[in-house]
Amino acid sequence: MPTVAATSITPPDQHVVTAREAIEPLYEKLELQTESLVLSAALEAGWSPDEATEALAALRLQDALSILGPTN
């Protein structure tokens, strides 16, 4: 029967990087891939590069505003 070596787990207060620092590169990579796919789809559908870029910027703005919620 194979044996498994014990693995120590670093406690949260001893982590070298924050969770944000750990996931930020992946998040940015996924964001760039998504942007590329959306722009490519818009161009294939006949949109001009300027129209596609502007539409993507508008979607991002709308998303950010919905996250922030209503402001008074």
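Structural notes, computed from the coordinates.

About the criteria used
- Residues numbered from 1 in each chain as written.
- Predicted model: local features only at pLDDT ≥ 70, side-chain atom pairs only at ≥ 80, totals over all residues.
- Heavy atoms only, no water.
- Helix = DSSP H or I, 4+ residues; strand = E, 2+ residues; numbered from the N terminus.
- Rg over C-alpha atoms; globule rule 2.2 N^0.38 Å.
- Expected span 1.5 Å × (residues − 1).
- Bend = angle between axes of the 7 residues up to and from the residue.
- Axes fitted to C-alpha atoms, helices over the stretch in contact; angles between N-to-C directions.
- Parallel < 35°, antiparallel > 145°, perpendicular 65-115°, else oblique.
- Left-handed = near helix turned anticlockwise from the far one by under 90°.
- Contact = heavy atoms within 4.5 Å.
- Nonpolar A, V, L, I, M, F, W, Y, C, P; charged D, E, K, R; others polar.
- Salt bridge = Lys/Arg side-chain N within 4 Å of Asp/Glu carboxyl O.
- Buried < 20%, exposed > 50% of the residue type's maximum accessible area, 1.4 Å probe, protein only.
- Polar contact = N/O pair within 3.5 Å; in protein donor to acceptor, adjacent residues only side chain to side chain.

### Concerning the overall build of the protein
Okay, step 1: Assigned secondary structure in the protein consists of 2 helices and 0 strands.
Okay, step 2: Relative to the globule expectation of 11 Å for 72 residues, the C-alpha radius of gyration of the protein, 21 Å, shows a markedly less compact shape.
Okay, step 3: Once the C-alpha set of the protein is aligned to its principal axes, its extents read approximately 60 × 45 × 20 Å.

### A word on helix H1 (residues 19–44)
Okay, step 1: In a regular helix each residue adds 1.5 Å, so 26 residues correspond to 38 Å; H1 covers 37 Å between its end C-alpha atoms and thus fits that length.
Okay, step 2: The principal kink in H1, of about 30°, is found at Pro 25.
Okay, step 3: Following H1 by one or two positions, Gly 46 adopts a phi angle in the positive range, close to 100°.

### Looking at the packing of H1 against helix H2 (residues 49–68)
Okay, step 1: Close contact between H1 and H2 brings their axes to 9 Å; oriented N to C, the two are set at 135°. As the angle between them shows, H1 and H2 are arranged oblique. As for how H1 packs across H2, the hand of that crossing is right-handed. Contacts between H1 and H2 involve Glu 31, Glu 35, Val 38, Leu 39, Ala 42 and Leu 43 on the former and, on the latter, Pro 49, Ala 52, Thr 53, Leu 56 and Arg 60.
Okay, step 2: Residue composition of the contact of H1 with H2, by class: 7 nonpolar, 1 polar and 3 charged.

### A few points about the pattern of salt bridges
Okay, step 1: According to the stated counting rule, one finds 2 salt bridges in the structure shown.
Okay, step 2: With a closest N to O distance of 3.8 Å, Arg 20 and Glu 24 form a salt bridge. Residue Arg 20 and its partner Glu 24 are both found in helix H1; the two are separated by 4 residues, about one turn of the helix.
Okay, step 3: Owing to a relative accessible area of 61%, Arg 20 belongs among the exposed residues under this scheme.
Okay, step 4: Residue Arg 60 is joined to Glu 35 by a salt bridge in which the shortest nitrogen-to-oxygen separation is 2.3 Å. Within this pair, whereas Arg 60 is found in helix H2, its partner Glu 35 is found in helix H1, the two being separated by 25 residues in sequence.
Okay, step 5: A relative accessible area of 39% means that Arg 60 is categorised as partly exposed.
Okay, step 6: Glu 35 gets classed as partly exposed once you look at its relative accessible area, which sits at 25%.

### Thoughts on the environment of Glu 21
Okay, step 1: Here Glu 21 shows up in helix H1.
Okay, step 2: A relative accessible area of 46% places Glu 21 in the partly exposed class.
Okay, step 3: Among the polar contacts made by the side chain of Glu 21, one reaches the main-chain amide nitrogen of Thr 18 at a distance of 2.8 Å.

Interpretation in functional terms is not warranted from these geometric data alone.
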